Amino acid sequence: MYSHTSPFTSFHNLVGGAIGGAVARAFAREGAKVFLAGRTLTKLDAIASEISAAGGVAEIAQVDALDERAVEEHADAVVAKAGSIDIALNAIGIYHVQGTPISELSLEDYALPITVYTQTNFITAKAAARHMARKSSGVILTLSTPVSQMPGPGYMGHSVACAGVEAFSRHLAGELAPNGIRVICLRSHMIPEAEAMGSHTRNVFRSVAELNGVTNEELMAGAAAGTLLKRLPTLANVADTAVFMASEQAGAMTGTVANLTSGFILD
Ligand SMILES: NC(=O)c1ccc[n+]([C@@H]2O[C@H](COP(=O)([O-])OP(=O)(O)OC[C@H]3O[C@@H](n4cnc5c(N)ncnc54)[C@H](OP(=O)(O)O)[C@@H]3O)[C@@H](O)[C@H]2O)c1
């Protein structure tokens, strides 16, 4: 989660992965005080050090984003320090099975991404919204992927998970609008930089690539070729869109999906 007072005060960011780190750095550049929370302190520390070296302010805390009580306590701690949570992002990512046809897919492998992504977004949004509602303002950001809209073999659990996060985000927007809270889902296509930085997507994409007899690089080149713009998004595209969506310039937007698929999915 992020807390900030420039245009932004505080940003509460659940996790320091590739996207979480890029978005945290972007909000820190905008003057937000950044609170990075995740399971692995070394990852969070690396991002916080970069933010501090660039003149920003960042704090880290060890929090499991599936532990409801720990997330609630961390949100309370952020508000005790920063006075508010202005923006919250849940950027967790987990390895899950892709590329396995339904005939060979276990119930556990199917259910894992659905359970994890829908539950963690519920937990972190609930914790942030409680504080945002008191100030009658705030922005909750969620993450999705094109498989929310993409029928095809091998994406069964993740597709339902992403469609679920998008539905959750729309519903949350309706539920929280009376409290002055906006909700925006960022749906990005594959990000080659994230994969190169060690994102969990490297292993997820590898299983799909192997199934198709190509390398990860060839898989991503094929994905880029399948977009209208013939390119995949960058981390900066996602981070800059997050900053815009959280700003007053996007003040009339809620309950929508920012479609960062380079024209692969047309809404
Ligand atoms: N990268 C892409 O191409 C892409 C494109 C579109 C959407 N997305 C979505 O964006 C999200 C993040 O992707 P990413 O590429 O940034 O992934 P990433 O680099 O692998 O980062 C994910 C982070 O989540 C942390 N994490 C996992 N479970 C956690 C938990 N229970 N509590 C706290 N932290 C937890 C992981 O750290 P630990 O395991 O050390 O805790 C890791 O640092 C995912 O939901 C993904 O589907 C990614």
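Keep in mind the model is a prediction, meaning the values are calculated, not measured. (Residues numbered from 1 in each chain as written. Predicted model: local features only at pLDDT ≥ 70, side-chain atom pairs only at ≥ 80, totals over all residues. Heavy atoms only, no water.)

Q: So what's going on with a nonpolar patch on the surface? Residues and values would help.
A: Together, Ile102, Met156 and Val160 make up a nonpolar patch on the protein surface, roughly 260 Å² of accessible area in all. Mapping Val160 onto the fold places it in helix α5 (residues 156-176). Take Val160: its relative accessible area is 34%, and that puts it in the partly exposed class. (Patch = residues over 30% accessible without salt bridge, like charges linked within 9 Å, V, L, I, M, F, W, Y side chains within 5 Å. Areas by Shrake-Rupley, 256 points an atom, 1.4 Å probe, with all protein chains shown as cover. Salt bridge = Lys/Arg side-chain N within 4 Å of Asp/Glu carboxyl O. Helix = DSSP H or I, 4+ residues; strand = E, 2+ residues; numbered from the N terminus. Buried < 20%, exposed > 50% of the residue type's maximum accessible area, 1.4 Å probe, protein only.)

Q: Would you mind going over helix α7 (residues 201-211) in detail, with residue names and values included?
A: Burial in α7 covers these residues: Thr201, Val204, Phe205, Val208 and Ala209. Across the axial projection of α7, the buried residues extend over an arc of 135°, all falling on one side. Counted as exposed and oriented over 90 degrees from the buried face of α7: Glu210 and Leu211. Looking at the buried positions of α7, the neighbouring elements they touch are α6 (192-196) and α8 (216-225). At the C-terminal side of α7, Gly213 shows a positive phi close to 65°. (Arc of directions from axis to C-beta. Contact = heavy atoms within 4.5 Å.)

Q: I'd love a proper account of helix α3 (residues 68-82), names of residues and values included.
A: The end-to-end C-alpha distance of α3 is 21 Å, a good match for the 21 Å that 15 residues give at a rise of 1.5 Å each. Taken as a whole, α3 has its buried residues at Val71, Glu72, His74, Ala75, Val78 and Val79. End-on, the buried residues of α3 take up no more than an arc of 165°, which puts them together on one face. Among the exposed residues of α3, those pointing more than 90 degrees away from its buried face are Arg69, Glu73, Ala80 and Lys81. A positive backbone phi angle near 90° is found at Gly83, which sits one or two residues after α3. (Expected span 1.5 Å × (residues − 1).)

Q: So what about the environment of Gly83? Which residues, and what values?
A: Mapped onto the elements, Gly83 comes out in the loop between α3 and β5 (87-90). By relative accessible area, Gly83 is classed as partly exposed at 38%. Separated by 61 residues in the primary sequence, Gly83 and Ala22 place their C-alpha atoms 24 Å from one another. If we ignore the near neighbours within four places in the chain, the residues touching Gly83 are Val78 and Lys135.

Q: Lay out the pattern of salt bridges with the relevant residues and their values.
A: The tally for this structure, following the rule as stated, stands at 8 salt bridges. A salt bridge links Glu50 to Arg25; the shortest N-O distance between them is 3.3 Å. Taken together, the residues span a long stretch of sequence, with Glu50 in helix α2 (residues 41-53) and Arg25 in helix α1 (residues 18-29) at a distance of 25 residues. Under the relative-accessibility criterion, Glu50 is labelled partly exposed at 44%. Salt-bridge contacts for Glu72 lead to Arg130; the nearest nitrogen and oxygen are separated by 2.4 Å. Residue Glu72 is located in helix α3, and its partner Arg130 is located in helix α4 (residues 107-135); the two are separated by 58 residues in the primary sequence. Among the charged side chains, a salt-bridge network with shared partners connects Lys33, Glu59 and Lys81.

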